[in-house]
Amino acid sequence: MTAPEEERRVQDAVRRHARARAFAEAGDVISAVLSDPGVQAARERVEAAETELGLELCARLQPFQDRYDQAVAEGDAARLAEVCAGKHGRWGRICVLPDGHETSMEEPHWGLNSEGRPIAWVGSAPDDW
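Described in the following lines is the structure provided in the data block. (Residues numbered from 1 in each chain as written. Predicted model: local features only at pLDDT ≥ 70, side-chain atom pairs only at ≥ 80, totals over all residues. Heavy atoms only, no water.)

### A few points about the overall build of the chain
A tally of regular secondary structure across the chain gives four helices and four strands. In sequence order, the secondary structure elements of the chain are arranged as α-α-α-β-β-α-β-β. A compact globule built from 129 residues should have a C-alpha radius of gyration of about 14 Å, whereas the chain, at 21 Å, is more than 25% larger. Principal-axis analysis of the C-alpha atoms places the extent of the chain at approximately 70 × 40 × 25 Å. Relative to its full complement of 129 residues, the chain shows a buried share of 23%. In the chain, of all internal contacts separated by at least 6 residues, the share reaching a separation of at least 24 is 47%. Counting every atom, the chain has about 8,700 Å² of accessible surface; 57% of that belongs to carbon and sulfur. Here the chain holds 15 positive side-chain charges and 24 negative ones, and the gap between their average locations is 6 Å. (Helix = DSSP H or I, 4+ residues; strand = E, 2+ residues; numbered from the N terminus. Rg over C-alpha atoms; globule rule 2.2 N^0.38 Å. Buried < 20%, exposed > 50% of the residue type's maximum accessible area, 1.4 Å probe, protein only. Contact = heavy atoms within 4.5 Å. Areas by Shrake-Rupley, 256 points an atom, 1.4 Å probe, with all protein chains shown as cover. Lys, Arg positive; Asp, Glu negative; His and termini not counted. Charge placed at Lys NZ, Arg CZ, Asp CG, Glu CD.)

### Considerations on the pattern of salt bridges
Inspection of every chain in the model, using the stated rule, returns six salt bridges. In this structure, the salt-bridge partner of Glu6 is Arg9, at a minimum N-O distance of 2.7 Å. Here Glu6 pairs with Arg9, and both are found in helix α1 (residues 3-34), just three residues apart, close to one helical turn. Residue classification places Arg9 among the partly exposed residues on the basis of a relative accessible area of 44%. The salt bridge partner of Asp12 is Arg15, with a shortest N-O separation of 2.5 Å. Remark: Arg15 and Asp12 occur in helix α1; sequence separation between them is three residues, near one turn of the helix. (Salt bridge = Lys/Arg side-chain N within 4 Å of Asp/Glu carboxyl O.)

### Topic: the nonpolar core
If you look at the biggest cluster of nonpolar residues, it comprises 14 residues, and the most contacted ones within it are Leu57, Leu61, Phe64, Cys95, Val96, Leu97 and Trp110. Among the elements of the structure, α2 (37-74) and β4 (118-121) are those that each provide at least two residues to this core. The element that contributes the greatest number of residues to this core is α2, accounting for five residues. With residues up to four places along the chain from it excluded, the contact list for Val96 reads Phe64, Gln65, Tyr68, Val83, Trp110 and Gly111. (Core = buried A, V, L, I, M, F, W, Y, C linked by side-chain atoms within 4.5 Å.)

### Structural notes on the side chain of His109
If you trace the backbone, His109 turns up in strand β3 (residues 109-112). In this structure His109 comes out as buried when scored by relative accessible area, which is 4%. There is a polar contact of 3.2 Å between the side chain of His109 and the side chain of His101. (Polar contact = N/O pair within 3.5 Å; in protein donor to acceptor, adjacent residues only side chain to side chain.)

### Side note on the state of the cysteines
Considering all chains together, one arrives at zero disulfides under this definition. The thiol sulfur of Cys58 is not disulfide-bonded, and the nearest other cysteine sulfur, from Cys95, lies at 14 Å. Sulfur of Cys84: no disulfide; nearest cysteine sulfur belongs to Cys95 and is 3.8 Å away. According to the relative accessible area criterion, Cys84 is buried, its value standing at 6%. (Disulfide = S-S within 2.5 Å.)

### Topic: the environment of Cys84
Topologically, Cys84 is positioned in the loop between α3 (77-81) and β1 (87-88). With 12 residues separating them in the primary sequence, Cys84 and Val96 have C-alpha atoms 6.4 Å apart. In contact with Cys84, not counting residues within four places along its chain, are Cys95, Leu97, Pro98, Asp99, His101, Glu102 and His109.

This is the structure:
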């Protein structure tokens, strides 16, 4: 291995180490914030509001869930591609409304939670939130 190649290999290793350490530190900070009692209480209030709104919208939006379920059962990729990409991963939520509904229908995301109950939410969260 030439000296420039060795130097590049060392620099790449240092960058990988620094990045891994930064991600680990960020994860520690996020965990500390999410475990705070005030944050947990706020999360509980948000979940209650999302559940209440989901129930209020159920009668009007259930047909979208039915279409989604049918598309999944039939493997209808074209119809599934038209569904909103909104998700809230940690709670098993998948929005079943048409893509772009947030602006065209002025509706929050809507679907069923992991227990099968109607839920509505604003915005999307990463799968591990």
